[in-house]
Every structure is written in structure tokens, then in C-alpha cells.
Amino acid sequence: MSAPCHTSALLLIFMALAVAGAKQSEERSCDVIGDESSESQMERALLKKLEPLSHMRFNVTVDKGKTENYIYHFRVCREVNSTSHDFGGLVQTDRQNGKTTVIGRINETQVFNGSDWIMLIYKGGDSYGRHCSGEKRRAVIMISCKRGVTASSFSIITEEREKEQECFYLFEMDSSVACPAENSHLSVGSILLITFVTLIAVYIIGGFLYQRLVMGAKGMEQIPHFAFWQDLGNLVADGCDFVCRSKIRNAPATYRGVGDDQLGEESEERDDHLLPM
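Per an unreviewed UniProt entry, the protein goes by Cation-dependent mannose-6-phosphate receptor and derives from Bombycilla garrulus.

Laid out in C-alpha cells, this is it:
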């Protein structure tokens with residue numbers, strides 16, 4: 001094989017390995033139970049709504065002495081351990097012996113919601129032993145609305161395994177993704193105020209540009225209808241002065257100083273005769 005052919009073959013091998021590695025590194029996401037064509041628009045919308053939580057990991061510890069000492073690992077629509085390729089979305093680890101049990105798998109997902117909550121269910125977990133007729137485990141995660149919090153308070157509520165069938169693990173957590181969208185309705189007064197302010201702004205800016213660019217006005221004359229507003233200001237000031245002034249105009253003073261009644265008009269007489277001739 002010639003050198004160019006050898007180089008091309010190596011490049012093709014490296015490219016194939018890179019593509020295979022990229023595919024393996026891609027994390028799997030939730031797959032709703034049933035055919036892909038049977039997924040409803042609501043289910044797709046809810047899975048998209050949960051996407052901001054997919055990069056977070058949640059853990060909770062249950063310690064009841066030697067009988068139950070577990071750690072539960074949970075991810076939203078992602079595998080807890082992507083290297084194991086077991087689709088485990090919620091996994092239980094025994095702290096005493098390190099045994100791992102898959103409680104629910106993301107390839108068997110159910111999702112639905114209410115006004116302020118989202119219910120995420122992982123089915124297809126590892127089989128029970130002596131409980132629940134040996135059926136597969138199932139994880140139910142109740143995500144409740146809490147505004148301002150991306151995710152918090154992940155905890156286990158109970159494990160229902162005393163029934164013959166339909167046993168489940170129940171978990172809960174708080175997140176803002178479960179909250180309904182806030183409707184921002186403007187009142188009539190707000191709409192009128194916004195309209196009024198907008199018209200005033202258009203009047204001032206448009207009039208200013210017209211006076212400056214078209215009429216060639218300078219200084220205060222650039223203000224639209226400057227003479228009108230100036231006269232209006234003077235009239236308002238006069239009206240305020242007339243209404244608010246408490247003292248009657250041209251009223252005589254109520255206090256007269258000592259000797260005021262003796263002081264008359266200034267005498268026109270002059271003391272010229274006292275001057276020396």
C-alpha cells in the first residue's frame with residue numbers, strides 16, 4: 001500500500017472512532033412509554049420544560065440502622081451512570097455492601113402535570129425479590145412549584161412495597177419549572193398612562209426636531225409652541241398667586257408704629273432762612 005493510501009486509511013479509522021466516541025458520549029434522554037409517534041404534544045412540552053434540570057444531580061440518604069442504609073441518586077431525564085448504559089434514572093446504592101439497584105429507567109418514562117406540579121415516573125426498574133410479586137420497581141417523582149428556585153429539597157417520602165402489585169418509591173422536590181407561566185395583564189389605567197406618556201414623548205421629540213431642522217430655531221425657541229407654554233405658565237402662576245395668597249391686596253396695615261398719626265406728608269418748607277447769607 002502506498003503512503004497516500006495508508007494515510008487516508010488512518011484518517012478514515014480516526015474519523016470513525018471519533019464518531020463512535022461522540023455517539024457514546026451523548027447522554028440518553030427520557031423516552032416516553034410507547035412508540036415515538038404516540039407521544040402527545042403535552043408530553044413533549046413537559047419534557048422540554050424539565051430540560052433545565054437535566055444537568056443536575058440529586059442525592060438523598062436513608063439511614064435506618066442496619067436494615068436500611070441507602071443512598072438514592074436521581075437525574076431528570078438522564079442516566080445516573082452513563083457508562084453502565086443501563087438507562088438508570090433513579091438508582092439505589094446500599095452503603096453497607098455497595099450493591100446498586102435501578103429503581104426506574106428513563107427509557108420507560110411517563111410524565112403528566114397539574115396546575116402547579118409535574119409528575120415524572122420511571123418504570124422498568126430491577127425486579128423485587130420477595131415483595132410485590134417480583135414485579136419491576138418503579139420511581140414516582142413529584143415536582144412541586146416553587147418560584148425563584150431551580151431545584152431543591154429532593155427527598156424520599158415512602159416506599160410502597162406491601163401490595164401485591166403496583167408498588168412504587170415516592171420522591172418529591174421543589175422547582176420553578178413546575179410553576180405556571182405568570183400572566184401579566186395591564187390595567188386600563190396603565191394602558192392609558194403608557195399611551196399618554198408615549199404621545200407626550202412623540203410631541204416633544206418630534207416638535208423639537210421640526211423646530212430645529214425645518215424652522216431653524218435656536219435656544220428655547222426649539223421647544224414646540226414655546227410662546228403658548230410660556231403664556232400658560234404665566235397664567236398658572238397668576239392663578240396660583242390669586243388663589244393661594246391669603247392676604248387681601250391693598251388692605252391697610254393692622255399695626256401702626258408709634259407716632260405714625262403725627263407723621264404727615266413731608267413739609268415742603270425749607271430751612272433756607274437758617275443758612276447764613
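We are not done yet, so read on.
Next up on the list: the overall build of the protein. When helices and strands are counted, the protein shows 4 helices and 8 strands. Reading the protein from its N terminus to its C terminus gives the helix and strand order α-α-β-β-β-β-β-β-β-β-α-α. In the protein, buried positions account for 25% of the 277 residues. Long-range pairs, those at least 24 residues apart, make up 49% of the contacts in the protein between residues at least 6 apart in sequence. Looking at the protein as shown, the accessible area adds up to about 19,800 Å², and 57% of this sits on carbon and sulfur atoms.

Mapped onto the secondary structure, arginine 138 falls in the loop between strand S5 (117-124) and strand S6 (139-145). Residue classification places arginine 138 among the buried positions, given a relative accessible area of 15%. Polar side-chain contacts of arginine 138 include one of 3.2 Å to the backbone oxygen of glutamate 166. Residues within four places of arginine 138 in sequence aside, it is in contact with Ile103, Ile121, Tyr122, Lys123, Glu166, Cys167, Phe168 and Tyr169.

Below, the discussion takes up the pattern of salt bridges. This structure, assessed with the given rule, holds 8 salt bridges. A salt bridge links glutamate 68 to arginine 161; its shortest N-O distance comes to 3.7 Å. Placement of the pair is glutamate 68 in strand S2 (residues 68-75) and arginine 161 in the loop between strand S7 (152-160) and strand S8 (168-175), with a sequence separation of 93 residues. Here the residues in one salt-bridge network are Glu27, Glu51, Arg75 and Arg78, joined through shared partners.

What follows covers the packing of aromatic side chains. Applying the stated rule across the entire model yields 10 aromatic pairs. A ring pair is formed by phenylalanine 58 and phenylalanine 154, whose centres lie 5.9 Å apart and whose planes are at 45°; its orientation type is tilted. Pair noted here: phenylalanine 58 is in strand S1 (residues 57-64) and phenylalanine 154 is in strand S7, with a separation of 96 residues, a long-range link. Residue class for phenylalanine 58 comes out buried when judged on its relative accessible area of 8%. Phenylalanine 154 gets classed as buried once you look at its relative accessible area, which sits at 10%. On the numbers, 6.3 Å between centres and 65° between planes, the contact of tyrosine 70 with tyrosine 72 is edge-to-face. In this pair, the class of tyrosine 70 matches that of tyrosine 72, namely buried. Connected via pairs of aromatic rings, a cluster forms that spans Phe58, Tyr70, Tyr72, Phe74, Tyr122, Tyr128, Phe154, Tyr169 and Phe171. Directly above the aromatic system of phenylalanine 87 lies the positively charged group of arginine 28, at a separation of 4.2 Å from the ring centroid.

Note on soluble globular proteins: their nonpolar side chains tend to be buried together. Of all hydrophobic cores here, the largest spans 34 residues; its most connected members are Leu50, Tyr72, Phe74, Leu90, Tyr122 and Ile141. Elements with a minimum of two residues in this core: helix H2 (41-49), S1, S2, strand S4 (100-113), S5, S6 and S8. For leucine 50, the contacting residues outside a window of four places in its chain are Val76, Val111, Ile118, Leu120, Ile143 and Val177.

Applying the stated criterion across every chain, the model contains 3 disulfides. The disulfide that involves cysteine 30 links it to cysteine 77, with 2.1 Å between the sulfurs. Disulfide cysteine 30-cysteine 77: the torsion about the S-S bond is -100°, which places it as left-handed. Here cysteine 30, found in the loop between helix H1 (3-25) and H2, pairs with cysteine 77, found in the loop between S2 and strand S3 (88-94); they are 47 residues apart in sequence, far enough to count as distant. Each member of the pair, cysteine 30 together with cysteine 77, is buried. Between the sulfur atoms of cysteine 145 and its disulfide mate cysteine 179 the distance is 2.0 Å. Note on the cysteine 145 and cysteine 179 pair: the S-S dihedral is about 100°, so by sign convention the disulfide is right-handed. Placement of cysteine 145 in strand S6 and of cysteine 179 in the loop between S8 and helix H3 (188-214) is noted, with a sequence separation of 34 residues between them.

Before going further, it helps to examine the sheet that holds S2. Within the open sheet, the 8 strands sit side by side as S1-S2-S3-S4-S5-S6-S8-S7. Their pairing is mixed. On the outer flanks of this sheet lie S1 and S7, each paired with one strand and no other. Direction aside, neighbouring strands of the sheet carry axes that sit 25° apart on average. Across 6 bridges, the pairing between S5 and S6 is antiparallel. Residue pairing in the sheet places tryptophan 117 in a bridge with serine 144 of S6. Against the sheet, H2 makes contact with S4 and S5, and its axis sits at roughly 120° relative to S4, the strand it touches most.

The next subject is H3. Along its 27 residues, H3 runs 37 Å from first to last C-alpha, staying within 8% of the 39 Å computed at 1.5 Å per residue. Taken from the residues just after H3, glycine 216 is the one with a positive phi, measuring 70°.

Calculation rules
- Residues numbered from 1 in each chain as written.
- Predicted model: local features only at pLDDT ≥ 70, side-chain atom pairs only at ≥ 80, totals over all residues.
- Heavy atoms only, no water.
- Helix = DSSP H or I, 4+ residues; strand = E, 2+ residues; numbered from the N terminus.
- Buried < 20%, exposed > 50% of the residue type's maximum accessible area, 1.4 Å probe, protein only.
- Contact = heavy atoms within 4.5 Å.
- Areas by Shrake-Rupley, 256 points an atom, 1.4 Å probe, with all protein chains shown as cover.
- Polar contact = N/O pair within 3.5 Å; in protein donor to acceptor, adjacent residues only side chain to side chain.
- Salt bridge = Lys/Arg side-chain N within 4 Å of Asp/Glu carboxyl O.
- Phe/Tyr/Trp six-rings, centres within 6.5 Å; stacked < 30°, edge-to-face > 60°.
- Lys NZ or Arg CZ within 6 Å of the ring centre and 35° of its normal.
- Core = buried A, V, L, I, M, F, W, Y, C linked by side-chain atoms within 4.5 Å.
- Disulfide = S-S within 2.5 Å.
- Pairing = 2+ DSSP bridges.
- Axes fitted to C-alpha atoms, helices over the stretch in contact; angles between N-to-C directions.
- Expected span 1.5 Å × (residues − 1).

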